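Results of the structural survey
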Amino acid sequence: RLPPHSLSITFDDGYKNFFLEAYPIIKAREVPVTIFLTTNFVCRRVPLWTDRLEYAHSLIYTDRLEVGKKTDHNRRTQLKLVSDCDKEVQVAQIERAAKAGLRDFAGPRAVYAPLDIEDIRQMDTAPEHLIAFGPHTQSHPILTQVNLSQAREEIRGSKIEVKAMAKNFSNVMSYPNGQPTDWDDNIESISREEGFLAAVTTIPGPVRTSDNLFALRRFTMDQTNHWPLFLATSSGLRAALQSIKRKYGPSR
């Protein structure tokens, strides 16, 4: 049983700025959270393709930031619909157009840096097990766009690596991207077979006792730097308005 209005706070991917910015606040206030780690990113420092894309666009559109942001958003949406192979080809083409790629995390690229293993070990020893660590696959593919053996390896491999890094392991995993078409019954079956108790999505909404444990909803708090937008998002109002807009807004 949980008290009314219970809240679970989660972070995805495993960025260094979690340790630098969020962790001191979490520790000071003793707020338990779960962070889901993409293990190729954290263990082998392989940049996420979305970050490679954003960095390349920032170089191409240096003097037209708003155009660059819009282009990045549109291409990111488009690339989420193609295979990993096609995605890599297209991202590499954009990097060539930018005449640079996100190959390391020095200088201005530090914003894209992953957690260090020592960061994880330090947080893993925090009092009262404040930080739990869960798997978020190895390379962050959309799991329905890879074959089932690869999906299993992504899930199993990240589970093994997160368990090796952190004693406070969470038996909950996070689906990459986490939208309705990004996992299916096969992915749920694999997750159960690999010993997970639940999985989280990025579909907005509260969690109810009747929910499928392998399709748990979350409110994504991206772009909520302003208090009114934070309130609208955390209350569910923003998601409701977006749903109405999709259903009744003008078609394109």
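Below is a short write-up of the structure.

Calculation rules
- Residues numbered from 1 in each chain as written.
- Predicted model: local features only at pLDDT ≥ 70, side-chain atom pairs only at ≥ 80, totals over all residues.
- Heavy atoms only, no water.
- Pairing = 2+ DSSP bridges.
- Helix = DSSP H or I, 4+ residues; strand = E, 2+ residues; numbered from the N terminus.
- Axes fitted to C-alpha atoms, helices over the stretch in contact; angles between N-to-C directions.
- Contact = heavy atoms within 4.5 Å.
- Salt bridge = Lys/Arg side-chain N within 4 Å of Asp/Glu carboxyl O.
- Buried < 20%, exposed > 50% of the residue type's maximum accessible area, 1.4 Å probe, protein only.
- Phe/Tyr/Trp six-rings, centres within 6.5 Å; stacked < 30°, edge-to-face > 60°.
- Lys NZ or Arg CZ within 6 Å of the ring centre and 35° of its normal.

Considerations on the sheet that holds strand β1 (residues 9-13)
Sheet architecture is open: three strands sit in the order β1-β2-β3, paired in parallel fashion. The open sheet terminates on both sides in strands that have one partner only, identified here as β1 and β3 (131-135). Geometrically, the sheet is characterised by an average inter-axis angle of 25 degrees between neighbouring strands, direction not taken into account. Inspection of the sheet shows β1 paired to strand β2 (residues 33-37) by five bridges, in the parallel sense. Paired with isoleucine 9 across the bridge in β2 is valine 33. On the sheet, helix α7 (residues 148-165) packs against β2 and β3 and is oriented at approximately 155 degrees with respect to β3.

Side note on the pattern of salt bridges
Note on pairing: side chains with opposite charge can pair once their charged atoms come close. Inspection of the entire model under this criterion finds 20 salt bridges. In this structure, aspartate 12 engages arginine 218 in a salt bridge whose closest nitrogen and oxygen atoms are separated by 2.9 Å. Taken as a pair, aspartate 12 in strand β1 and arginine 218 in the loop between β5 (198-200) and α9 (227-235) lie far apart in primary sequence, 206 residues in all. Under the relative-accessibility criterion, aspartate 12 is labelled partly exposed at 24%. Through salt bridges that share partners, Arg152, Arg156, Lys159, Glu193 and Glu194 make up one connected network.

Concerning the pairing of β2
With five of five residues buried, β2 is to be regarded as a mostly interior element. In β2, alternate side chains face the same way, and those of Val33, Ile35 and Leu37 on one face and Thr34 and Phe36 on the other are all buried. Bridge analysis of β2 against β3 gives five bridges, and the strand direction is parallel. Across the sheet, the residue bridging to valine 33 is isoleucine 131, located in β3.

Focus: the packing of aromatic side chains
In the structure shown here, the tally under the stated rule is seven aromatic pairs. Aromatic pair phenylalanine 11 and phenylalanine 18: ring centres 4.7 Å apart, planes at 65 degrees, arrangement edge-to-face. Ring centres 6.2 Å apart and planes at 75 degrees place the aromatic pair tyrosine 55 and tyrosine 112 in the edge-to-face group. Remark: tyrosine 112 occurs in the loop between α5 (84-98) and α6 (117-124) and tyrosine 55 occurs in helix α3 (residues 49-60); sequence separation between them is 57 residues. The pair tyrosine 55 / tyrosine 112 is uniform in exposure class, with both members buried. Its end group placed over the ring of phenylalanine 169, lysine 163 keeps NZ or CZ at 5.3 Å from the ring centre.

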